[in-house]
Amino acid sequence: MSLGYNNTSLDVHGKKHDDVALRNKLNELNNEGVVVVCSAGNKNNTKPWNPSDFRSTISVMAAKHYYDAWSNVKKDSSNYGKRKDLCAPGSDIPACSMNGGYRTSGATSAAAPQTASVAALMLCVDNSLNPEEVCEILCSTATDVYTAGPDLMTGAGVVNAYSAVVETARRAVGKGSLCRRDGSLIVEHELESLISVTKPTEMAGEVLAMPRIVSADVVKKRKKKTIVINWEYEKPAHVNSIRVYRSTSKNGHYKCVKRINRKSSSWANKKLKKNKKYYYKVRIFGTTSDGKKVYSPYSETQGVK
C-alpha cells in the first residue's frame, strides 16, 4: 500500500481523521494471515502516518544511496520514527512511464513494493508464515546501516532479499516443511550446500585485515612536541573513517584522538608533552561495494617518546 495520511489532519467534516474502517479491515487481514506492507510517508517527520503505523502492517522507510553504510542513509523526504520497521531503496528506482518509456521513481512508495516482493519470495518458500513472523524475519535479516542495531532513521536496516529468503528456508527445514516439487523433504545439509553455492559476495563485520603502523616519530621537540604516525591498511570500497587511538600507558585506556573521514596514511599529533611517552593504535571503518559495513581489528600498539 503506497499511500497514507497523517492522522492529525482533519477529514471533510472538520473532524480528526481516524479511519476506523481501514484499521479494522487491516486487523482482519492480519488475523487471516495476509501480509500488508505500507509506505512510511514522505513528510520528513515522526508524526503518525496511517496505515503504515497500524500494528497490523509492515512500515517501510526510504533509503538513499548507501555507499557509506555508517552514515544516515534515510532519504531526506522519508518519514521516520519508532513506529517504522525497516527501509528499502527509495532513490532513482527504474520505473515504467505512462508513454511507454522509462523513468526513475523514488520515495517510500518505491521502497514499500520492494519489501513486499521480498515478503512474497519468503512466502513462496514457506506459506505457513504469519505476518508477525514475516516482519520479524525481514527485520532480523536486514542489512544494518547507520548506528548499530535498530534506530529511528533506518529502522532495522535495509531489506535484504537473499538473507530473508535463506532464513525462511532454514526455519522451514527446522520445521520439516521445506519440500521439493515431488513432495520429498529437503534436509539441513542439502540446504546448507545450496546456500554455499548461491551466496552472493558480501562482507559484514570485522573482515578488514589488521592495519599496521609503519612508523611513529617525533618531528618537532621544543616546549611541545609533534609525533607523526604513518600506517598502511586494506582499503574497503568506501572509507568511512580512520580512527587513531592514544594512551599514556601500553595497557591503559585508549581514547580516540583523531577521526579522519577519508583515505589517509598519516597524521601529525601536535602539542604533546615533551618528556612523556605516548602509545597509539589505528582502526579502519568502511563500506563494501554492496553496502555492507566493515571494520578492522585494532593495529598493534606503537609507543613513542
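Being a predicted model, the structure only gives us computed values, none of them experimental.

**Q** How should the sheet that holds strand β4 (residues 58–63) be read in this particular structure?
**A** Where strands meet in a sheet, backbone hydrogen bonds hold them as pairs that are either parallel or antiparallel. An order of β2-β4-β5 is seen for the 3 strands of this open sheet, with the pairing classed as parallel. Of all the strands in the sheet, just β2 (37–39) and β5 (86–89) have a single pairing partner and so form its edges. With strand direction ignored, the average angle separating the axes of adjacent strands in the sheet is 45°. Of the strand pairs in this sheet, β4 and β5 are connected by 4 bridges, and their pairing is parallel. Looking at β5, one finds that V60 is bridged to L86. The sheet contacts of helix α2 (residues 108–125) involve β2, β4 and β5, and relative to β4 the element is tilted by about 125°.

**Q** Would you mind showing me how to read the packing of α2 against helix α4 (residues 161–175) here?
**A** Between two packed helices, what matters for the description is the angle formed by their axes and the separation of those axes. For the pair α2 and α4, the least separation of the axes is 9 Å and the interaxial angle reads 25°. In this view, α2 runs roughly parallel relative to α4, as classed from their interaxial angle. Classified by chirality, the crossing of α4 by α2 is right-handed. Contacts between α2 and α4 involve V118, L121, M122 and V125 on the former and, on the latter, A161, A164, V165, T168 and A169. Its residues assigned to classes, the contact of α2 with α4 comprises 8 nonpolar, 1 polar and no charged.

**Q** Help me understand the pairing of strand β10 (residues 224–232) in this model?
**A** A regular strand places its side chains on the two faces of the sheet in alternate fashion. Looking at chain direction, strand β9 (residues 212–221) and β10 are connected through 8 bridges and run antiparallel. Paired with D217 across the bridge in β10 is V228. Examined bridge by bridge, β10 and strand β13 (residues 266–273) share 6 bridges and lie antiparallel to one another. Directly across from V228, in β13, lies its bridge partner A268.

**Q** Just checking my understanding: could you explain unusual backbone geometry for this structure?
**A** Phi is mostly negative for residues that are not glycine, and the peptide bonds are mostly trans. For the bond from N50 to P51, the omega torsion is 10°, close enough to zero to count as cis. Here P51 shows up in the loop between β3 (49–50) and β4. In the Ramachandran plot, D92 falls in the positive-phi region, its phi being about 55° despite a non-glycine side chain. Positionally, D92 belongs in the loop between β5 and β6 (93–96). Owing to a relative accessible area of 48%, D92 belongs among the partly exposed residues under this scheme. Positive phi, close to 65°, is recorded for Y146, a residue that is not glycine. Tracing the backbone shows Y146 in the loop between α3 (131–140) and α4.

**Q** Explanation requested: the environment of P89 in the structure shown.
**A** Tracing the sequence through the fold places P89 in strand β5. Discounting chain neighbours no more than four positions away, the residues touching P89 are A63, Y66, A110, A111, Q114 and V158.

**Q** Any chance you could explain the nonpolar core here in plain terms?
**A** Within soluble globular proteins, side chains that are nonpolar generally end up buried alongside one another. In terms of nonpolar packing, the biggest core is built from 22 residues, with I58, V60, L86, M122, V134 and L138 touching the most fellow members. When residues of this core are traced back to their parent elements, those giving at least two are β4, β5, α2 and α3. Those residues in contact with I58, other than ones at most four positions away along the chain, are V35, V36, V37, C38, D85, L86, V134, C135 and L138. Membership of the second largest hydrophobic core comes to 19 residues, among which are I213, I227, V282 and I284.

**Q** I would appreciate a short explanation of the state of the cysteines in the present structure.
**A** The final tally for this structure, using the stated rule, is 0 disulfides. No disulfide involves C179; its sulfur sits 14 Å from the nearest other cysteine sulfur, which is in C124.

**Q** What is the right way to look at the pattern of salt bridges in this model?
**A** All chains considered together, the criterion is met by 11 salt bridges. In this structure, D53 engages K84 in a salt bridge whose closest nitrogen and oxygen atoms are separated by 3.1 Å. One end of the pair, D53, is in the loop between β3 and β4; the other, K84, is in the loop between β4 and β5, with 31 residues separating them in the sequence. Here K293 ties to D144 by a salt bridge, and the two come within 3.9 Å at their closest N and O atoms.

Definitions and limits used
- Residues numbered from 1 in each chain as written.
- Predicted model: local features only at pLDDT ≥ 70, side-chain atom pairs only at ≥ 80, totals over all residues.
- Heavy atoms only, no water.
- Pairing = 2+ DSSP bridges.
- Helix = DSSP H or I, 4+ residues; strand = E, 2+ residues; numbered from the N terminus.
- Axes fitted to C-alpha atoms, helices over the stretch in contact; angles between N-to-C directions.
- Contact = heavy atoms within 4.5 Å.
- Parallel < 35°, antiparallel > 145°, perpendicular 65-115°, else oblique.
- Left-handed = near helix turned anticlockwise from the far one by under 90°.
- Nonpolar A, V, L, I, M, F, W, Y, C, P; charged D, E, K, R; others polar.
- Buried < 20%, exposed > 50% of the residue type's maximum accessible area, 1.4 Å probe, protein only.
- Core = buried A, V, L, I, M, F, W, Y, C linked by side-chain atoms within 4.5 Å.
- Disulfide = S-S within 2.5 Å.
- Salt bridge = Lys/Arg side-chain N within 4 Å of Asp/Glu carboxyl O.

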